[in-house]
Amino acid sequence: MKRRSFIKNTSASAALVGLGGLSLNACGSNSNKHITILHTNDVHSHIDTFPTDHSRYANLGGVAKRATLVDSIRKENPNTLLLDAGDIFQGTPYFNFYGGELEFKLMSMLKYDAATIGNHDFDNGIDGLFAQIPHANFELLSANYDFTNTVMEEHVKPYRIFMLDGIKIGVYGLGIELNGLVTKRLYMETEYLDPFEIAQDTETTLKETEACDLVICLSHLGYEYKSESKPSDLSLAANTRYTDLIIGGHTHTFLDKPTIVKNKLEREILVNQVGCFGINLGRIDFYFDAAMNGKAEGISITV
Amino acid sequence: MCSTNVKNLLAYYCAKIERNMGLKIQHFVTIITFVVVYSCKDSKIELSEIKGKEVPVDSVLVSNAQIEAFVKPYRNRVNEVLDSTLAFAPFTITKTDGELNTTAGNLMADVVLAEANPIYKSRTGNNIDFVLLNHGGIRSIISKGTITSRTAYEVMPFENTIVVAELTGKSVLEMVAYLRDSGRAHPISGLQIILDHESNIKSVKIQGKPIEENKTYHVATSNYLLNGGDRMGFFKGAVKSLNTDYLIRNAMIDYFKKVDTVAPKVDDRFIKLKN
């Protein structure tokens, strides 16, 4: 009896050692993670590829081509988010004819995860934006537009958390000041709140309360302005602590590569914007490793 | 390193459990779980590397057939309406080919004056004195070649209408100061502004005559600007205004239908003298 018990226990402990070893290995092999962020901005209803005779953008852009590109990147890395930094609407007759229905339907087909709201997304009024909500199979994010008492109240969130391969990614949206840019009759009771204050509050929530591994801002503030008092993505970067990536829009800025800037804590982060009209797709890859004790080197950034 | 430590610990507990048969399996599992969880927590993953780039959406890519098929009926309908030839551009018309006035800006402002004036005159008995639009409102170049309704949609995608505001000469002078300070080629027609080399206002003429401070002028603009767009605050001083409900885009289409060739020039309607 005693012997049986001994055998049982030893074999059990052996099995447990095996299991322990296994789970340890699993823990180790899962520690290398790769997240891909794809993004567009200011697509402005450019659904078709520019015609061959276009003076500036011949044969560039087009949603069907973007779909092919996004598909191939998703096959390469399924842990991919597809984001848009606003001004989805306005710029081709597709918007004038269909009011944004086609834009939202196509973004849903491409499996966009989230978008922020640009000033031109109010071009058919807040009711015009609301009317297209049923066609959007992605989140509309804006932390600094207060839609209280408007039809959009229930349809816009300040941020959304995505979980990809165990990595917690917080994405929040920021919009540009509407007064002086959009006719009041169009944006109605929408209130614009200070983007820097809101960004600091939101990123703190995402990092400290929600414990996100990655914090991304979808901004329609604009890349940079001559007037330093006008909020821009570059000044936002200098005013934030936890935001790892700012994906911008509005100024239709074509950058050769993402800009590396120092944030409020002197940490290097990326600000990117990919021009306009769906001519480019931005791609930012984040690699995570098991943290080594006493690891000296910081994050390596290659652009 | 971390996992070596854990294995040593395990070996220790295994030896211990075999020595001391009194220790229950349950305890052992608790210990192991603690060790494993602790080791995972200890080796928490951290961001180590970021790579960023732009990927062009270019002709190398093949269109996704499903998306293509979905868009097709929408495209056919739009094309049916838009693609009949209206006029011809002998060169590319842009809003960046002049310093303070440009071919695209001059075309837009001249079209608004020509097409909206008969409507305004028939409704009020007055003529439009001049036009002010905004540089940012011109959303596309007009490529050399065929001009269609589509061209008008590209240049003027917004549903902006032509409104006529009555402004005093004083408000017009505020407008002129705004235009001088903005340094941008905001489209004008019927108005001439000459700045000296130090950007002082040298002369302001309306329909070829010097501006009179106490006179009321009929100024055509877009509903966007009248409602405070681009911070054109001087429109707040409008004595009254009339919305023609005539879309700027439709004014362009109507103009393109009337002419064969569209060849606007950079001229002297808004200039800064060199010395």
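Residues numbered from 1 in each chain as written. Chains lettered and ligands numbered in written order. Predicted model: local features only at pLDDT ≥ 70, side-chain atom pairs only at ≥ 80, totals over all residues.

Peer 1: What's the story with the overall build of chain A in this structure? I'm lost.
Peer 2: Counting its regular elements, chain A contains eight helices and 14 strands. Counted over contacts in chain A with a minimum sequence separation of 6, partners at least 24 positions apart contribute 75%. (Helix = DSSP H or I, 4+ residues; strand = E, 2+ residues; numbered from the N terminus. Contact = placed C-beta atoms within 7 Å.)

Peer 1: What exactly am I supposed to notice about the overall build of chain B here?
Peer 2: A tally of helices and strands in chain B yields eight helices and 12 strands. Burial statistics for chain B: of 275 residues in total, 39% are counted as buried. A separation threshold of at least 6 residues defines the contact pool for chain B, and within that pool the share at least 24 residues apart is 80%. (Buried ≥ 20, exposed ≤ 12 C-beta atoms within 10 Å, placed from the backbone.)

Peer 1: Would you mind showing me how to read the packing of helix 2 (residues 63-76) of chain A against helix 3 (residues 65-82) of chain B here?
Peer 2: Describing two packed helices takes the angle between their axes plus the distance from one axis to the other. Contact geometry of helix 2 of chain A with helix 3 of chain B gives a least axis separation of 8 Å together with a crossing angle of 160°. Classified by the interaxial angle, the pair formed by helix 2 of chain A and helix 3 of chain B is roughly antiparallel. Where helix 2 of chain A crosses over helix 3 of chain B, the two elements pack in a sense that is right-handed. Across the interface between the two elements, V63, A64 and A67 of chain A from helix 2 of chain A touch I67, E68 and V71 of chain B from helix 3 of chain B. Split into classes, the residues belonging to the contact of helix 2 of chain A with helix 3 of chain B amount to five nonpolar, no polar and one charged. (Axes fitted to C-alpha atoms, helices over the stretch in contact; angles between N-to-C directions. Parallel < 35°, antiparallel > 145°, perpendicular 65-115°, else oblique. Left-handed = near helix turned anticlockwise from the far one by under 90°. Nonpolar A, V, L, I, M, F, W, Y, C, P; charged D, E, K, R; others polar.)

Peer 1: Which parts of the structure should I look at to understand the environment of L265 of chain A?
Peer 2: Relative to the helices and strands, L265 of chain A resides in the loop between strand 11 (259-262) and strand 12 (268-272). For the pair L265 of chain A and C212 of chain A, spaced 53 residues apart in sequence, the C-alpha separation works out to 18 Å.

Peer 1: Even after reading the chapter, I still don't get the sheet that holds strand 13 (residues 280-290) of chain A, so can you show me in this structure?
Peer 2: Adjacent strands of a sheet pair through backbone hydrogen bonds, lying either parallel or antiparallel. The strand order across the open sheet built from seven strands is 4(A)-3(A)-2(A)-1(A)-13(A)-1(B)-14(A), with neighbouring strands paired in mixed fashion. Strands at the two margins of the open sheet, each flanked by one partner only, are strand 4 (139-141) and strand 14 (300-302) of chain A. Taking the axes of each pair of neighbouring strands and ignoring which way they run, one obtains an average angle of 20° across the sheet. Where strand 1 (residues 33-40) of chain A and strand 13 of chain A come together, seven bridges link them in antiparallel fashion. Its bridge partner being in strand 13 of chain A, T36 of chain A is matched across the sheet by D285 of chain A. (Pairing = 2+ DSSP bridges.)

Peer 1: Hey, could you run me through helix 3 of chain B in this one?
Peer 2: Residues that lie three or four places apart on an α-helix share one face, since the helix turns once every 3.6 residues. Residue and element names in this part refer to chain B. End to end, helix 3 covers 24 Å across 18 residues, agreeing with the expected 26 Å (1.5 Å per residue, within 8%). At K72, helix 3 shows its largest kink, close to 40°, and the proline P73 lies no more than four residues downstream. When helix 3 is considered as a whole, its buried residues turn out to be I67, V71 and V78. (Expected span 1.5 Å × (residues − 1). Bend = angle between axes of the 7 residues up to and from the residue.)

Peer 1: Quick question: what am I supposed to make of unusual backbone geometry here?
Peer 2: Most peptide bonds adopt trans geometry, and most residues besides glycine take a negative phi value. At D42 of chain A, a residue that is not glycine, the phi angle is positive and equals roughly 50°. Here D42 of chain A shows up in the loop between strand 1 and helix 2. For Q207 of chain B, which is not glycine, the phi torsion reads 50° and is therefore positive. Relative to the helices and strands, Q207 of chain B resides in the loop between strand 8 (201-206) and strand 9 (209-210). When the 12 C-beta atoms within 10 Å are taken as the criterion, Q207 of chain B is described as exposed.

Peer 1: Would you explain the nonpolar core in this entry?
Peer 2: Here is a general trend for soluble globular proteins: nonpolar side chains tend to be buried in one another's company. In terms of nonpolar packing, the biggest core is built from 80 residues, with L83, V171, I216 and L218 of chain A touching the most fellow members. Once you skip the residues sitting within four places of it in the chain, L218 of chain A turns out to touch L83, A85, A114, T116, L141, V171, G173 and I247 of chain A. With 57 residues, the next largest nonpolar core counts M108, L113, M156 and L167 of chain B among its residues. (Core = buried A, V, L, I, M, F, W, Y, C linked by C-beta atoms within 7 Å.)

Peer 1: Help me understand the packing of helix 4 (residues 103-124) of chain B against helix 8 (residues 248-258) of chain B in this model?
Peer 2: Residue and element names in this part refer to chain B. Taken N-terminus to C-terminus, the directions of helix 4 and helix 8 make an angle of 85°; their axes are 9 Å apart at the nearest point. It follows that helix 4 is roughly perpendicular to helix 8 by the angle criterion. Packed against helix 4, whose contacting residues are V111, V112, A114, E115 and A116, the element helix 8 presents I248, A251, M252, D254 and Y255 at the interface. Here the contact of helix 4 with helix 8 is built from residues that sort into eight nonpolar, no polar and two charged.

Peer 1: I'm lost on the environment of Q192 of chain B in this one. Help?
Peer 2: All names here are of chain B. Summarising the element assignment, Q192 is placed in strand 7 (residues 191-195). A residue is classified by how many C-beta atoms lie within 10 Å of it, and Q192, with 20 of them, is buried. When the C-alpha atoms of Q192 and F270 are compared, they prove to be 5.7 Å apart, with 78 residues separating the residues in sequence. Dropping the residues within four chain positions of it, Q192 is found in contact with K205 and R269.

Peer 1: I tried to follow the environment of G170 of chain A on my own but got confused; where do I start?
Peer 2: Residues and elements named next belong to chain A. Counting through the fold element by element, G170 comes out in strand 7 (residues 167-174). Residue class for G170 comes out buried when judged on the 25 C-beta atoms lying within 10 Å of it. Along the backbone, G170 and A211 are 41 residues apart, and their C-alpha atoms lie at a distance of 9.0 Å. Among all residues touching G170, those that are not within four sequence positions of it are Y159, I161, L206, E210, C212 and V215.

Peer 1: Any chance you could explain the pairing of strand 5 (residues 161-168) of chain B here in plain terms?
Peer 2: Remember that side chains alternate between the two faces of the sheet whenever the strand is regular. All names here are of chain B. Direction of pairing for strand 5 relative to strand 11 (residues 240-247): antiparallel, over a ladder of six bridges. Looking across to strand 11, one finds that E166 is bridged to K240. As paired elements, strand 5 and strand 10 (residues 216-222) share seven bridges and run antiparallel to each other. Residue pairing across strands places A165 opposite V219, the latter belonging to strand 10.

Peer 1: Can you help me understand the confidence of the model for chain B in this one?
Peer 2: Do not read the predicted coordinates in detail wherever pLDDT is low. Summing up the model confidence of chain B, the mean pLDDT is 88 and the portion of residues at 70 or higher is 84%. Reported for the predicted complex are a pTM of 0.71 and an ipTM of 0.87. (pLDDT = per-residue confidence, 0-100.)

Peer 1: What's the story with the sheet that holds strand 11 of chain B in this structure? I'm lost.
Peer 2: Residues and elements named next belong to chain B. Spatially, 6-3-10-5-11 is the arrangement adopted by the five strands of the open sheet, whose pairing is mixed. The open sheet has two edge strands, strand 6 (188-189) and strand 11, and neither has a second partner. This element, helix 4, spans strand 3 (130-132), strand 5, strand 6, strand 10 and strand 11 of the sheet and lies at about 115° to strand 11. Contacting strand 5, strand 10 and strand 11, helix 8 crosses the sheet at an angle of about 55° to strand 11.

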